[in-house]
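Structure assessment
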Amino acid sequence: MPQYTVKQGDCISSIADRYGLFWEQVWNHPSNSGLKANRRDPNVLRPGDLVYVPDKREKTEAGATDQLHRFRKKGVPAKLRLRLLDEDEPLANQPYSFEIDGRTYSGTTDSDGRIEQSIPPGARQGKLIVGESRDEYMLDLGHIDPISEISGVQARLNNLGYDCGAADGVVGPRTRTAIREFQRALGLRETGEADDQTRRRLEQEYGV
């Protein structure tokens, strides 16, 4: 099967689901070893990345012809993980609902303001409604670039409340100010540069 060119919003789970494969079959294939080493996380790809999609493997099951046999199709949902904060304080034990692809999922944030929800692998957008006040947030799923890209740094800072403006890959005054504010908040040297240490801490704080 030819290589697949990643588009915005794609991840290994959504690509595998499109071709009827498990995500591990794609991510762990030897032909994707370079991509795996470079990106490290199957859920964070960059548009233009090339993913080798292996052919399906035929599987046979033996069974008597005069009996009824039941086969169950395995599903592999993706996991959405979020942490909700208000002025650095977790939104703990708050009811939420998440609308995606015509289905509604509901639950309660944990004591640290975290949500973990199974969602369809090919999901692109969702609406999150939180708390008794029913605050609404629109989510673009799979749209964040890798931390190695400036656009990925900007998107993570924006989502954490450090305003970079557009995640356009351009390091302007606004982005440098946001980086310095993040570095100050975490006790890092305030350089305004997305150096390796800053990227590592940003990845840890963001969770991906």
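Use the structure listed above.
Described in the following lines is the structure provided in the data block. Just so it is clear, the model here is predicted, and its values are computed rather than measured.

1. Notes on the side chain of Arg199
- Assignment of secondary structure puts Arg199 in helix H6 (residues 196–206).
- Of the buried charged residues, Arg199 lacks a salt bridge, with Asp196 as the closest side chain of opposite charge at 4.9 Å.
- Here the side chain of Arg199 touches Ala194 through a polar contact of 2.9 Å, landing on its backbone oxygen.
- Discounting residues that sit within four places of it in the chain, Arg199 has contacts with Ile147, Ser148, Glu149, Ile150, Val153 and Ala194.

2. Overview of the packing of aromatic side chains
- Throughout the structure, instances matching the rule amount to two aromatic pairs.
- Taking 6.3 Å as the distance between ring centres and 80 degrees as the angle between the ring planes, the aromatic pair formed by Tyr4 and Tyr19 counts as edge-to-face. Within this pair, whereas Tyr4 is found in strand S1 (residues 3–5), its partner Tyr19 is found in the loop between helix H1 (12–18) and helix H2 (23–27), the two being separated by 15 residues in sequence.
- A ring pair is formed by Tyr162 and Phe182, whose centres lie 5.6 Å apart and whose planes are at 90 degrees; its orientation type is edge-to-face. A residue pair is termed long-range when its members are at least 10 positions apart, and Tyr162 in the loop between helix H4 (150–159) and helix H5 (173–185) and Phe182 in helix H5 qualify at 20 residues.
- The class of Phe182 is buried, set by a relative accessible area of 1%.

3. Focus on the packing of H5 against H6
- Following both chains from N to C, one finds H5 and H6 inclined at 75 degrees, their axes separated by 11 Å at the closest point. When the axes of H5 and H6 are compared, the pair comes out roughly perpendicular. For the pair formed by H5 and H6, the contact residues are Ile179, Phe182 and Gln183 on the first element and Thr198, Arg201, Leu202 and Glu205 on the second.
- Its residues assigned to classes, the contact of H5 with H6 shows three nonpolar, two polar and two charged.

4. Remarks on the environment of Leu80
- With respect to the secondary-structure elements, Leu80 resides in strand S3 (residues 78–83).
- Considered as a pair, Leu80 and Glu116 are 36 residues apart in the sequence and their alpha carbons are 5.6 Å apart.
- Excluding its chain neighbours within four sequence positions, the residues that come into contact with Leu80 are Phe98, Ile115, Glu116, Gln117, Ile119 and Leu141.

5. Looking at the nonpolar core
- Grouped together as the largest cluster of nonpolar side chains are 14 residues, with contacts concentrated most on Phe98, Ile100, Ile119, Leu128 and Leu141.
- Residue contributions to this core peak at three residues, all from strand S6 (residues 95–100).
- Among residues more than four places away in sequence, those in contact with Ile100 are Tyr105, Pro120, Ala123, Gln125 and Leu141.

6. Some thoughts on the pattern of salt bridges
- Scanning the model with the defined rule gives ten salt bridges in all.
- In this structure, Arg176 engages Glu193 in a salt bridge whose closest nitrogen and oxygen atoms are separated by 2.6 Å. Placement of Arg176 in helix H5 and of Glu193 in the loop between H5 and H6 is noted, with a sequence separation of 17 residues between them.
- Judged by relative accessible area, which is 29%, Arg176 ranks as partly exposed.
- Several salt bridges converge on common partners, so that one network encompasses Arg39, Arg46, Asp49 and Glu149.

7. A few points about the sheet that holds strand S10 (residues 135–140)
- Across the sheet, which stays open at both edges, the four strands sit in the order S7-S6-S9-S10 with antiparallel pairing between neighbours. The sheet is open, and its two borders are formed by strand S7 (103–108) and S10, each paired with just one other strand. With direction set aside, neighbouring strand axes in the sheet form an average angle of 20 degrees.
- The pairing of S6 with S7 spans six bridges and is antiparallel. Bridge pairing in S7 links Pro95 to Thr108.

The rules behind these values
- Residues numbered from 1 in each chain as written.
- Predicted model: local features only at pLDDT ≥ 70, side-chain atom pairs only at ≥ 80, totals over all residues.
- Heavy atoms only, no water.
- Helix = DSSP H or I, 4+ residues; strand = E, 2+ residues; numbered from the N terminus.
- Buried < 20%, exposed > 50% of the residue type's maximum accessible area, 1.4 Å probe, protein only.
- Lys, Arg positive; Asp, Glu negative; His and termini not counted.
- Salt bridge = Lys/Arg side-chain N within 4 Å of Asp/Glu carboxyl O.
- Polar contact = N/O pair within 3.5 Å; in protein donor to acceptor, adjacent residues only side chain to side chain.
- Contact = heavy atoms within 4.5 Å.
- Phe/Tyr/Trp six-rings, centres within 6.5 Å; stacked < 30°, edge-to-face > 60°.
- Axes fitted to C-alpha atoms, helices over the stretch in contact; angles between N-to-C directions.
- Parallel < 35°, antiparallel > 145°, perpendicular 65-115°, else oblique.
- Nonpolar A, V, L, I, M, F, W, Y, C, P; charged D, E, K, R; others polar.
- Core = buried A, V, L, I, M, F, W, Y, C linked by side-chain atoms within 4.5 Å.
- Pairing = 2+ DSSP bridges.

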